[in-house]
Amino acid sequence: MSKRASSGTRGGKEPKVVESESEPGWWESCDPEIFRQEFRMNWSTFDFICNELKPTSATKKKDATSDFRRTVAGFIWKLASGKRNSDVEAKFGVKYARCRLSLKKFVGSLMPEYVAWPDDSEMENIKTEFEIVSGIENVVGSINTTCIQIVKPNPQKFPTADLYYDRQLTGRQRSASYSIALQEVVDHKGVFTDVFVGEPGSLDDCQVYQRSPLCNRVLEQGAWIAGTDKFPLMDNILVPYIDYPNLTSTQRTFDTQLYQIESIAREACLRLKSRWLILQRETDHPNLETIEETVKACCTLHNICAIKDDDISPKWRMDVEDNLIIPEPPVLSDDASNERDAVAE
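Model, not experiment: these values are computed from the prediction.

**With respect to the nonpolar core**
Right, on to step 1. Judged by nonpolar contacts, the single largest core of 87 residues is most densely connected at Phe39, Met41, Phe46, Phe106 and Trp276.
Right, on to step 2. At 9 residues, the largest contribution of residues to this core is made by helix α10 (residues 288–307).
Right, on to step 3. With near-sequence residues (within four places) excluded, Met41 lies in contact with Phe35, Arg36, Phe46, Ile49, Ile76, Arg275, Trp276, Leu301, Cys305, Asp310 and Trp316.

Here it is, written out as structure tokens:
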């Protein structure tokens, strides 16, 4: 496969602009900018993903390779547009069930490689970069939790379906709404290093964290993950002081510094949802396992795009409003409280 020119042209020729999308191969010959708007990524990133997925021996022939790329294009377009499965089939001439298998393979083979907890060397670099940004030492990540809207789970298959009822989302949309929680930890570049998805959206951030494998991850002595005031202060989770009027100047300065780290996770979440519109619309799939795989695929693609310097377009950005449940009590660890005071000083 020939390499892409930096301008985005293919094979040294200017690609034609395809006016009609009625042919399944329309996307292969469209202008690079149109491709980017449709798939929310550059041609070079798409080629990279196809190469990483490594078609099996059954897809070595030219026609089979073309079909493989088409199914990959189909599931990426689905994530980027948030459109129905029937729309994918109409635009790409392939059954969505095949795209679904490509998505499953994508998550299974690439997520462990591209969404991974940092090794010791990477961790030292992350701590250094966070300290440069904030002045706070030993921060190894920034955590954020967001909600992903879903259709109501089938009560016959999920006896706890009512737990997915999202009161705050219902209030904003003025109709009964359901969601799952997505908890993510990012590094200083906004790349996901840990992703946990699938808990009911009615749970607060602390409850989601306590159910996640991250809660049992052993961090080195003195290391912190920076959280928002939606978390209580606990071992390994560093959060701001509650903004009472009697905060000292030292405490206010600390909150300002910590915000510099917190904002990186919030910005990463904004970029994730702005690029992959399926995360901003109620999914049309009733299977929770499939929804979780979809969210994981979006997170993995987020990291691959970051690695390829394939940033979101400014016109894609949107406001992302998340649930706000302040924990009570705000401090769960006296030791952590003393250590936070020492960090603030």
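Read on, since the account is not over.
**Some details on a negative patch on the surface**
Right, on to step 1. The grouping of Asp235, Asp334, Asp335 and Glu339 at the surface amounts to a negative patch.
Right, on to step 2. For Asp334, the position within the fold is in helix α11 (residues 334–344).

**Overview of the pattern of salt bridges**
Side chains that differ in charge, positive against negative, can pair when their charged atoms come close.
Right, on to step 1. Within the structure shown, the criterion is met by 15 salt bridges.
Right, on to step 2. A salt bridge links Arg70 to Asp67, with the shortest nitrogen-to-oxygen separation between them at 2.6 Å. Taken together, the residues span about one helical turn, with Arg70 and Asp67 both in helix α3 (residues 62–81) at a distance of 3 residues.
Right, on to step 3. Here Glu199 makes a salt bridge to Arg211, at a shortest N to O gap of 2.9 Å.

**Quick look at the side chain of Glu184**
Right, on to step 1. As for its position among the elements, Glu184 is in strand β2 (residues 178–186).
Right, on to step 2. No salt bridge is formed by the buried Glu184, whose closest oppositely charged neighbour, Lys273, lies at an N-O distance of 8.0 Å.
Right, on to step 3. Other than its neighbours up to four places away in sequence, Glu184 contacts Ser142, Ile143, Asn144, Thr146, Phe192, Asp194, Val195, Ala265 and Cys269.

**Considerations on the sheet that holds strand β4 (residues 224–226)**
Right, on to step 1. An order of β3-β2-β1-β4-β5 is seen for the 5 strands of this open sheet, with the pairing classed as mixed. Edge strands, defined here as strands with exactly one partner in the open sheet, are β3 (192–200) and β5 (237–238).
Right, on to step 2. Relative to β2, strand β1 (residues 139–150) is paired through 9 bridges, and the arrangement is antiparallel. When the sheet's bridge partners are listed, Cys147 is paired in β2 with Ala181.
Right, on to step 3. On top of the sheet, α10 reaches β1, β2 and β3; it is set at about 160 degrees to β3, its chief contact.

**Details of α10**
Right, on to step 1. Spanning 20 residues, α10 covers 29 Å between terminal C-alpha atoms, matching the ideal 28 Å at 1.5 Å per step.
Right, on to step 2. Counting buried residues in α10 gives 15 out of 20 residues, a clear majority hidden from the surface.
Right, on to step 3. For α10, the side-chain oxygen to backbone nitrogen distance between the N-cap and Glu289 is 2.8 Å, and the N-cap itself is Asn287.
Right, on to step 4. Just past α10, the residue Asp309 takes up positive phi, approximately 55 degrees.

**Focus: the pairing of β1**
Right, on to step 1. For β1, the buried fraction is high: 12 of the 12 residues fall into the buried class.
Right, on to step 2. Both β1 and β4 contribute to a ladder of 3 bridges, which runs parallel. By the bridge assignment, Val139 is partnered in β4 with Trp224.

**Section: the environment of Ser202**
Right, on to step 1. By the element assignment, Ser202 lies in the loop between β3 and α8 (205–211).
Right, on to step 2. Residue classification places Ser202 among the partly exposed positions, given a relative accessible area of 32%.
Right, on to step 3. The spatial distance from the C-alpha of Ser202 to the C-alpha of Ile180 is 8.0 Å, given a sequence separation of 22 residues.
Right, on to step 4. The residues contacting Ser202, other than those within four sequence positions of it, are Leu163 and Tyr165.
Right, on to step 5. Within the structure, Ser202 has its side chain in polar contact with the backbone oxygen of Leu163 (distance 2.5 Å).

Here is what the cut-offs are and how they apply
Residues numbered from 1 in each chain as written. Predicted model: local features only at pLDDT ≥ 70, side-chain atom pairs only at ≥ 80, totals over all residues. Heavy atoms only, no water. Core = buried A, V, L, I, M, F, W, Y, C linked by side-chain atoms within 4.5 Å. Buried < 20%, exposed > 50% of the residue type's maximum accessible area, 1.4 Å probe, protein only. Helix = DSSP H or I, 4+ residues; strand = E, 2+ residues; numbered from the N terminus. Contact = heavy atoms within 4.5 Å. Patch = residues over 30% accessible without salt bridge, like charges linked within 9 Å, V, L, I, M, F, W, Y side chains within 5 Å. Areas by Shrake-Rupley, 256 points an atom, 1.4 Å probe, with all protein chains shown as cover. Salt bridge = Lys/Arg side-chain N within 4 Å of Asp/Glu carboxyl O. Lys, Arg positive; Asp, Glu negative; His and termini not counted. Charge placed at Lys NZ, Arg CZ, Asp CG, Glu CD. Pairing = 2+ DSSP bridges. Axes fitted to C-alpha atoms, helices over the stretch in contact; angles between N-to-C directions. Expected span 1.5 Å × (residues − 1). Polar contact = N/O pair within 3.5 Å; in protein donor to acceptor, adjacent residues only side chain to side chain.

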